[in-house]
Amino acid sequence: MLKARENKYAVPAFNFDNLAMMKGIIQAAEETRSPVILMVTESAAKHIGIDFCFSIINVAVKKTKVPVVVHWDHGFDFELIKKAVDAGFSSVMLDSSLKPFAENVKETKAVCAYAHSKGVEVESEIGHVGGKEDDRISNINFYTDVDEAVMFDKSTQIDALAVAIGTSHGLFNKKINLQFDLLKQLANKINTPLVLHGSSQVPLTDLQKCINLGITKINIGTDLKIAYALGVKKYFQANPGDFDARKFEKIGTDFVKEEAIKKIKAFRSNNKA
Ligand code: 13P
């Protein structure tokens, strides 16, 4: 991510909920020669089955022809985060952003101590990106405070910092009014790579502006869920009597791939693998 920040591109971080979506993301990254971060939330991992999920991420890392980071996204449960670290994730996120500052620092340090001892990187959030993230809904959004972020960065040993500058997760309450000035101040004072959550439905030109100002990891979930569902719906409109999962999942995968390619090109991470 440091290389991305230096060269003014962002590493795309895509959420997947099933194997068909994961395949679409990998195909997009391979076709565009882009590094990629494959992310799974606690709830998506439970949906896939924790053990199945742990197996497929290791296969993804070994078999993909471009660099892949597998990231445990929005970890709330320390025990599950530890399991993800032990299972081979390259990076984990602790989300204690709704807790008081001191508690967030304490918990983040504990995750860093465990993860770093096993060579795994840690992302944490300061300020709060609300909205609908899987089955969690938070209608609170508060911007990152610059001084707090600097203190947080210094007090923990985090490898990536998620900041709240006006995005929100999902389609829920999606009012987009990005605080570019705030981002500029954060990037001026913090060297740790900055992460933008809730980036679906944000105009690509705004995301590019964020990259130019210092965002180096951009999280996309909802836009890929929409693409997958659209592909499957389209398949059944054309083939209402069909029931073959191999066929409708394939169309879902193709739609995810096309959407991911659009983001990769906008983030300028193509040909950076
Ligand atoms: P979106 O679903 O709004 O793209 O947010 C995804 C995200 O930030 C995952 O951490």
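Residues numbered from 1 in each chain as written. Predicted model: local features only at pLDDT ≥ 70, side-chain atom pairs only at ≥ 80, totals over all residues.

Enquirer: Looking at this structure, I do not really get the overall build of the protein. What am I missing?
Expert: Within the protein one finds eleven helices and ten strands. Once the C-alpha set of the protein is aligned to its principal axes, its extents read approximately 60 × 40 × 35 Å. Split into buried and exposed, the 273 residues of the protein put 49% on the buried side. Sequence-distant contacts in the protein: of pairs separated by 6 or more residues, those separated by 24 or more amount to 68%. (Helix = DSSP H or I, 4+ residues; strand = E, 2+ residues; numbered from the N terminus. Buried ≥ 20, exposed ≤ 12 C-beta atoms within 10 Å, placed from the backbone. Contact = placed C-beta atoms within 7 Å.)

Enquirer: Just to check I follow, could you spell out the nonpolar core for this structure?
Expert: If you look at soluble globular proteins, the nonpolar side chains tend to sit buried side by side. Core analysis: the biggest nonpolar cluster contains 77 residues, and Phe 14, Ile 25, Leu 38, Val 92, Leu 161, Val 163 and Ile 215 have the highest contact counts within it. With seven residues, helix α2 (residues 19-32) is the largest single contributor of residues to this core. Apart from residues lying up to four places away in sequence, Leu 38 is in contact with Phe 14, Phe 16, Met 22, Ile 25, Ile 57, Ala 60, Val 68, Val 70 and His 71. (Core = buried A, V, L, I, M, F, W, Y, C linked by C-beta atoms within 7 Å.)

Enquirer: So what exactly am I meant to see when it comes to helix α5 (residues 78-87) here?
Expert: One turn of the α-helix equals 3.6 residues, which is why residues spaced by three or four share an orientation. For α5, the complete set of buried residues consists of Ile 81, Ala 84 and Val 85. Here the buried residues of α5 occupy an arc of 100° about the axis, which is enough to place them on one side. Of the residues in α5, the exposed ones pointing more than 90 degrees away from the buried face are Glu 79 and Asp 86. Packing partners of the buried residues in α5 comprise β3 (68-75), β4 (91-94) and α6 (101-117). Of the residues flanking the end of α5, it is Gly 88, one or two places downstream, whose phi is positive at about 115°. (Arc of directions from axis to C-beta.)

Enquirer: What exactly am I supposed to notice about the site of the ligand here?
Expert: In the vicinity of the ligand there are 13 residues, among which His 197, Ser 200, Asn 219, Gly 221 and Thr 222 approach most closely. Mapped onto the shell around the ligand, the elements with two or more residues apiece are β3 and β10 (215-220). Residue composition of the shell around the ligand, by class: one nonpolar, eleven polar and one charged. (Near = placed C-beta within 6 Å. Nonpolar A, V, L, I, M, F, W, Y, C, P; charged D, E, K, R; others polar.)

Enquirer: Sorry, what's going on with the environment of Ile 261 here?
Expert: By the element assignment, Ile 261 lies in helix α11 (residues 245-266). C-beta crowding within 10 Å serves as the criterion here: with 19 such atoms nearby, Ile 261 is assigned to the partly exposed category. In this structure, the C-alpha to C-alpha distance between Ile 261 and Ile 25, residues 236 residues apart in sequence, is 8.4 Å. Those residues in contact with Ile 261 that sit more than four places away from it in its chain are Ala 28, Glu 31 and Thr 32.

Enquirer: Mind showing me how you'd approach α6 here?
Expert: The end-to-end C-alpha separation of α6 is 24 Å, in line with the 24 Å expected for 17 residues at 1.5 Å each. Listed as buried for α6 are Asn 104, Thr 108, Val 111, Cys 112 and Ala 115. End-on view of α6: buried residues confined to an arc of 110°, all on one side of the axis. Opposite the packed face of α6, turned more than 90 degrees from it, sit the exposed residues Ala 102, Glu 103, Ala 113 and Ser 117. The inward-facing, buried residues of α6 contact α5, β4 and β5 (121-126). (Expected span 1.5 Å × (residues − 1).)

Enquirer: Whenever I open this one, unusual backbone geometry confuses me. Can you help?
Expert: Both trends apply: most residues other than glycine have a negative phi, and most peptide bonds are in trans. One non-glycine residue, Arg 33, lies in positive phi territory at about 55°. For Arg 33, the location among the structural elements is in the loop between α2 and β2 (36-41). Even without a glycine there, the phi angle at Asn 271 is positive, about 60°. You can see Asn 271 is positioned in the segment after α11.

Enquirer: Could you clarify how one ought to interpret the packing of α2 against α11 in this entry?
Expert: For any two helices packed against each other, the geometry comes down to the angle between their axes and how far apart the axes lie. The N-to-C vectors of α2 and α11 enclose an angle of 45°; their axes lie 7 Å apart at closest approach. If you check the angle between α2 and α11, you find them oblique. Handedness of the crossing formed by α2 with α11: right-handed. Contacts from Ala 20, Met 21, Lys 23, Gly 24, Ile 25, Gln 27, Ala 28, Glu 31 and Thr 32 of α2 reach α11 at Glu 249, Gly 252, Thr 253, Asp 254, Val 256, Lys 257, Ala 260, Ile 261, Ile 264 and Lys 265. (Axes fitted to C-alpha atoms, helices over the stretch in contact; angles between N-to-C directions. Parallel < 35°, antiparallel > 145°, perpendicular 65-115°, else oblique. Left-handed = near helix turned anticlockwise from the far one by under 90°.)

Enquirer: Before we go on, may I ask you to explain the packing of helix α7 (residues 146-155) against helix α8 (residues 180-189) in this structure?
Expert: Packing of α7 against α8 leaves a shortest axis separation of 10 Å and a crossing angle of 30°. By the angle between their directions, the pair α7 and α8 is classed as roughly parallel. Pair α7 / α8 crosses with right-handed handedness. Along its contact with α7, which presents Val 146, Ala 149 and Val 150, the element α8 presents Gln 185, Leu 186 and Lys 189. Its residues placed into classes, the contact of α7 with α8 shows four nonpolar, one polar and one charged.

Enquirer: Is there a simple way to explain the environment of Glu 30 in this structure?
Expert: Tracing the backbone through its elements, the reader meets Glu 30 in helix α2. Dropping the residues within four chain positions of it, Glu 30 is found in contact with Thr 64, Lys 65 and Val 66.

Function cannot be read off these values alone, since they describe shape.
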